Amino acid sequence: MLLHTDTAPPLQPAANPYQPYMARIVRIQKMLDDTRVFTLRFLDESMVRSFRHRPGQFVMLSIPGTGEAPISISSSPTRPEILELCVRRAGRMTSSLFRLSTNDVVGVRGPYGNGFPVDDIRGNHLLLAAGGLGMAPLRSLLWYALDNRHLFDGVILMYGSRSPADMLFRDEMLSLAGRDDVNCMLTVDADPSGAWTGRIGHLPSLFDHVTLEPARTYAAVCGPPVVYRYVLERLLAAGFSKDRILMSLERRMKCGIGKCGHCSVGYKYTCLQGPIFTYWDAINLPEMI
Amino acid sequence: MKILKLPKDKLDYFASVVQQFGEVHAPVEQDGKYVFKRLTRWSEARLAYDRTILPPKKYFLPPKEPLLVYRPGEGYVAPAGDVQHRLVLFGVHACDVYALNILDLVFAGKYPDPYYQARRKNIAIIGIDCVPDGKCFCRSMRADFVDHGFDLFFCDIGGHYLTFVGSALGDDMVLATETLFETVSPADIDEYKRRSGAKHEAFQLDVEIRDLPEIFEMEYGSAIWDDLGAQCLSCGSCSAVCPTCYCFDMNDEAVLGSRAGTRSRNWDSCLFSTHALVAGGENFRESRSSRIKFRFYHKQRGFVAEYGRPSCVGCGRCITACPVDIDIVEVLAALRETRHAATH
Ligand SMILES: Cc1cc2nc3c(=O)[nH]c(=O)nc-3n(C[C@H](O)[C@H](O)[C@H](O)COP(=O)(O)OP(=O)(O)OC[C@H]3O[C@@H](n4cnc5c(N)ncnc54)[C@H](O)[C@@H]3O)c2cc1C
Ligand code: SF4
Ligand code: SF4
Ligand code: FES
């Protein structure tokens, strides 16, 4: 079994796992019309210090009076004390989140899920392939790897967006292009502005520009279904073993703690045994993808 | 286990003593069916019943249960609920106790559920044996006998109830009656075994479960699921009445004109079309056939992978409740008997 759970010190399970802890919105960054990054800090200082997550884990975010939804933690555990959540407005809960402003309070419980198996990835090359909002869960792993750069061999980031304006964390991504310890490959499907000087083409086309060492690489993939389809195709063609391909799956979640039954895929609960699955797990569970 | 016996004519007296351990609920008759209900008089209790409409699950995982109250400035707090309320459920069948033992697995684990756990601690269970009817297959599901999960369990041996004492609380109940319970004789044990053997023979339904995971693995693409999908109304009755279905939804209700509110959970069903629906309209189990297949797979196959046994206890309730007569035993038999025509 590839995925294991002993990297981060376990958060003491609260006496009541359904109870959110209140956190203040300390910053809101507009990414796109419908996507914002909310930076949160727990009101309770002991929570600020004790909250530890693994890249790829998520929280259940509550908006008082509205509801709760699972959101990936976009910040890295190497940058503690705050949580960054990159949220797209999708429905009830996310819409009321977008009506809040700095200093408003929200509820947070977690972290939940398995997260990426960073201990297994150690010593290997890491390839991150993100499409669109898929950057939200992968960014946590990206910064974890960059802040612990000595633990990994090569780090390659492939990130595809519809247009330059649709690129999440754009300044951050562009700044990575100047670093020599990460191969940062950005691409856009199209550039209506004409100001983009980088690559134009779909995410999978980036594979034409790298030489990979599949037997010593873990690939972490996240994005909309079309990204999975074509990126997986390229990874398999490059010779990746199915258990070196890691993906984050999205399912309906109500409890986040393995009770409510909503997130089940086949025989597993996405909230406990996921949301990070190997491609091998994915194809071997009925109804997984 | 400590085993005693209670003279049948002392049952009424025992029931009156047991009231000091909590509010007594037992099966009572309602329009020709049975429901677990608070007794106003002991004489209302019907201990010779087939099955209650809803299983005792309703006491441990109520159909709707407030989990948290939100007040601006205070955050989320658990409501001063009734989880500490002491009850005695009198007359629970073995399959239903077994089902609670299965729910215990789900509501424990890495994140123990404090609401369920508190109720399990505060609700005493007095079990009673039963006579299988044409819809029972608990013997096949190995749930016709329980060795834990109850406080006392009564088995009819003629003039007495053979009594299994399953917990310290059960022992306290026995002691509270002082001299009501008697020691068992070898003849009582023989009589218990004779009756138990006869009960085994009385089952009309039989399901082989040893190789069910294997059969399910082979029949994932079976046309049987399409046929069932065409019949099923997605009404969710089978989940509501099932003692081991535990899916729930969580919803917030705001107090009008304020930001205060209550977060509750309520029973849900994997047969409902929204069960696997996510934002953006993607639904991982859009068709009815995929949903009814999921229910069967989760019970008979997924639970085995996770906990080593199917979650179905063979109580027969879903067979009784289904408005279009989908019968779990027939489905399992059909899956087993399916022959795939040669394709060459
Ligand atoms: C592990 C995980 C990580 C996620 N990370 C992010 C992220 O970083 N950023 C982001 O913008 N979105 C993320 N999502 C998706 C996000 O949870 C949904 O967009 C959100 O639940 C929509 O809620 P809503 O109330 O606004 O929409 P509505 O459509 O009104 O949803 C109502 C309820 O349905 C459930 N639900 C609906 N859609 C989803 C969904 N896609 N996944 C799970 N439950 C759903 C929720 O319980 C929600 O409260 C993630 C989902 C999962 C499972
Ligand atoms: S699936 Fe049907 S027979 Fe099995 S425990 Fe549930 S209600 Fe009873
Ligand atoms: S009770 Fe019958 S009709 Fe209703 S959801 Fe279950 S299988 Fe379908
Ligand atoms: S979200 Fe409730 S079981 Fe996974």
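Reading the values: rules and limits
- Residues numbered from 1 in each chain as written.
- Chains lettered and ligands numbered in written order.
- Predicted model: local features only at pLDDT ≥ 70, side-chain atom pairs only at ≥ 80, totals over all residues.
- Heavy atoms only, no water.
- Helix = DSSP H or I, 4+ residues; strand = E, 2+ residues; numbered from the N terminus.
- Rg over C-alpha atoms; globule rule 2.2 N^0.38 Å.
- Buried < 20%, exposed > 50% of the residue type's maximum accessible area, 1.4 Å probe, protein only.
- Contact = heavy atoms within 4.5 Å.
- Areas by Shrake-Rupley, 256 points an atom, 1.4 Å probe, with all protein chains shown as cover.
- Buried area = accessible area lost by both parts, 1.4 Å probe.
- Salt bridge = Lys/Arg side-chain N within 4 Å of Asp/Glu carboxyl O.
- Polar contact = N/O pair within 3.5 Å; in protein donor to acceptor, adjacent residues only side chain to side chain.
- Nonpolar A, V, L, I, M, F, W, Y, C, P; charged D, E, K, R; others polar.
- Near = heavy atom within 4 Å.
- 1 Å grid on protein atoms, 1.4 Å probe; cavity = no way out; pocket = protein on both sides within 12 Å on 5 of 7 lines; lining within 4 Å.
- Sits in = over half its atoms within 2 Å of the grid points.
- Pairing = 2+ DSSP bridges.
- Core = buried A, V, L, I, M, F, W, Y, C linked by side-chain atoms within 4.5 Å.
- Phe/Tyr/Trp six-rings, centres within 6.5 Å; stacked < 30°, edge-to-face > 60°.
- Domains from an automatic or database assignment.
- Expected span 1.5 Å × (residues − 1).
- Axes fitted to C-alpha atoms, helices over the stretch in contact; angles between N-to-C directions.
- Parallel < 35°, antiparallel > 145°, perpendicular 65-115°, else oblique.
- Left-handed = near helix turned anticlockwise from the far one by under 90°.
- Points joined across faces, edges and corners; volume = space filled by probe spheres on them.

**Student:** Tell me about the overall build of chain A, residues and numbers included.
**Tutor:** Along its length, chain A carries 8 helices and 15 strands. Whereas a compact globule of 289 residues would reach a radius of gyration of roughly 19 Å, chain A reaches 18 Å, a difference of no more than 12%. C-alpha extents for chain A along the principal axes are approximately 50 × 45 × 35 Å. Burial status across chain A gives 60% buried among its 289 residues. Taking the intrachain contacts of chain A between residues at least 6 apart in sequence as the baseline, contacts between residues at least 24 apart amount to 69%. Carbon together with sulfur atoms contributes 49% to the accessible area of chain A, which is approximately 11,300 Å² in total.

**Student:** Please give an account of the interface of chain A and chain B that cites residues and values.
**Tutor:** Taken together, the contact between chain A and chain B spans 42 residues of the former and 44 residues of the latter. Taking both sides of the interface into account, the surface hidden between chain A and chain B amounts to around 3,400 Å²; carbon and sulfur atoms contribute 54%. Of all residues in chain A, Y18(A), K259(A) and Y267(A) bury the most surface against chain B, accounting for 22% of the area lost on that side. Taken together, the links from chain A to chain B amount to 2 salt bridges. Salt-bridge contacts for K254(A) lead to D249(B); the nearest nitrogen and oxygen are separated by 3.4 Å. Our count for the contact surface shared by chain A and chain B stands at 17 residue pairs in polar contact (both at pLDDT 80 or more). Elements supplying a minimum of two residues to the side of chain A that touches chain B: β3 (58-63), β4 (67-72), β6 (105-112) and α7 (270-273) of chain A. The leading source of residues in the side of chain A that touches chain B is β6(A), at 5 residues. Its residues assigned to classes, the side of chain A that touches chain B comprises 20 nonpolar, 13 polar and 9 charged.

**Student:** I'd like to hear about the environment of L89(B), residue by residue, with values.
**Tutor:** All names here are of chain B. The residue L89 is located in strand β6 (residues 87-92) in this model. Separated by 82 residues in sequence, L89 and P7 place their C-alpha atoms 20 Å apart. Leave out the neighbours within four places in its chain, and L89 touches H25, P56, Y59, F60, I123, A124, I125 and I126.

**Student:** An account of the site of ligand 3 is needed here, citing residue identities and associated values.
**Tutor:** Residue and element names in this part refer to chain B. Of all residues adjacent to ligand 3, which total 13 residues, the nearest are C232, C235, G236, C238 and C322. Among the detected pockets, ligand 3 sits in the largest cavity. Residues that form the shell around ligand 3 fall into these classes: 10 nonpolar, 3 polar and no charged.

**Student:** Account for the pairing of strand β3 (residues 33-38) of chain B, with residues named and values stated.
**Tutor:** Pairing between strand β2 (residues 23-30) of chain B and β3(B): 6 bridges, direction antiparallel. Across the sheet, H25(B) pairs through a bridge with R38(B), a residue of β3(B).

**Student:** Describe the nonpolar core, with residues and values.
**Tutor:** Core analysis: the biggest nonpolar cluster contains 63 residues, and M158(A) and M173(A) have the highest contact counts within it. Considering every element that reaches this core, the biggest residue donor is helix α4 (residues 135-147) of chain A, with 9 residues. Every residue in contact with M158(A), bar those within four places of it in the chain, is listed here: L127(A), L128(A), A129(A), A130(A), M185(A), L203(A), L206(A), F207(A) and V210(A). In this structure, Y112(A), C263(A), Y70(B) and Y116(B) belong to the second largest nonpolar core, which totals 61 residues.

**Student:** Describe the packing of aromatic side chains, listing the residues and the values that go with them.
**Tutor:** Residues and elements named next belong to chain B. Tallied over the full model, the rule gives 28 aromatic pairs over all chains. Residues F216 and W225 carry aromatic rings whose centres are separated by 6.2 Å and whose planes lie at 45° to one another, so their mutual orientation is tilted. For the pair shown, F216 and W225 are each scored as buried. With centroids separated by 5.7 Å and ring planes inclined at 50°, the aromatic side chains of W225 and F296 adopt a geometry described as tilted.

**Student:** Break down the domain arrangement of chain B for me, with residues and values.
**Tutor:** All names here are of chain B. Under the domain assignment, chain B is made up of domain 1 (2-202) and domain 2 (212-337). If you average the C-alpha positions of domain 1 and of domain 2, the two centres end up 26 Å apart. Listed as interface residues are 39 residues of domain 1 and, on the opposing side, 36 residues of domain 2. Here domain 1 meets domain 2 over a buried area of about 3,300 Å², counting both sides, of which 63% is carbon and sulfur. Area buried by domain 1 at its contact with domain 2 is led by K57, F137 and M141, which between them contribute 19% of it. At the boundary of domain 1 with domain 2, the tally comes to 4 salt bridges.

**Student:** Lay out helix α3 (residues 94-106) of chain B with the relevant residues and their values.
**Tutor:** Residues and elements named next belong to chain B. Taking 1.5 Å of rise per residue, 13 residues should cover 18 Å, and α3 covers 19 Å from first to last C-alpha, within 8% of that figure. Among the 13 residues of α3, 10 are classified as buried, and the element is accordingly described as predominantly covered. Within the span of α3, buried status applies to A94, C95, D96, V97, A99, L100, N101, I102, L103 and V106.

**Student:** Describe in detail the sheet that holds strand β8 (residues 152-156) of chain B, supporting the description with residues and values.
**Tutor:** Residues and elements named next belong to chain B. Here 8 strands make up an open sheet; going across it, the order is β3-β2-β6-β7-β8-β9-β1-β10 and the pairing mixed. Each edge of the sheet is formed by a strand with only one pairing partner; in this case those strands are β3 and β10 (182-183). Across the sheet, helix α1 (residues 11-18) touches β1 (2-7), β2, β6, β7 (123-128), β8 and β9 (160-165), and the angle it forms with β6 is around 155°.

**Student:** Any chance you could break down the packing of helix α8 (residues 223-231) of chain B against helix α10 (residues 288-307) of chain B for me, citing the residues and the numbers?
**Tutor:** Residues and elements named next belong to chain B. It is the contact of α8 with α10, at a shortest axis distance of 7 Å, that shows an interaxial angle of 115°. Taken as axis vectors, α8 and α10 run roughly perpendicular relative to one another. Between α8 and α10 the crossing geometry is right-handed. Note on element contacts: α10 touches α8 through R288, S289, I292, K293, F296 and Y297, opposite W225, D226, L228 and G229.

**Student:** Give a description of empty space enclosed by the protein that names residues and reports values.
**Tutor:** Residues and elements named next belong to chain B. Within this structure, the stated rule accounts for 7 cavities of 30 Å³ or more. In this structure, the largest cavity is lined by 16 residues; those nearest its centre are C232, C238, I292, C322 and I326. Listed by contribution, the elements that provide at least two residues to the lining of the largest cavity are α9 (237-241) and α10. At 3 residues, α10 tops the list of elements feeding residues into the lining of the largest cavity. Of the residues belonging to the lining of the largest cavity, the class tally is 13 nonpolar, 2 polar and 1 charged.

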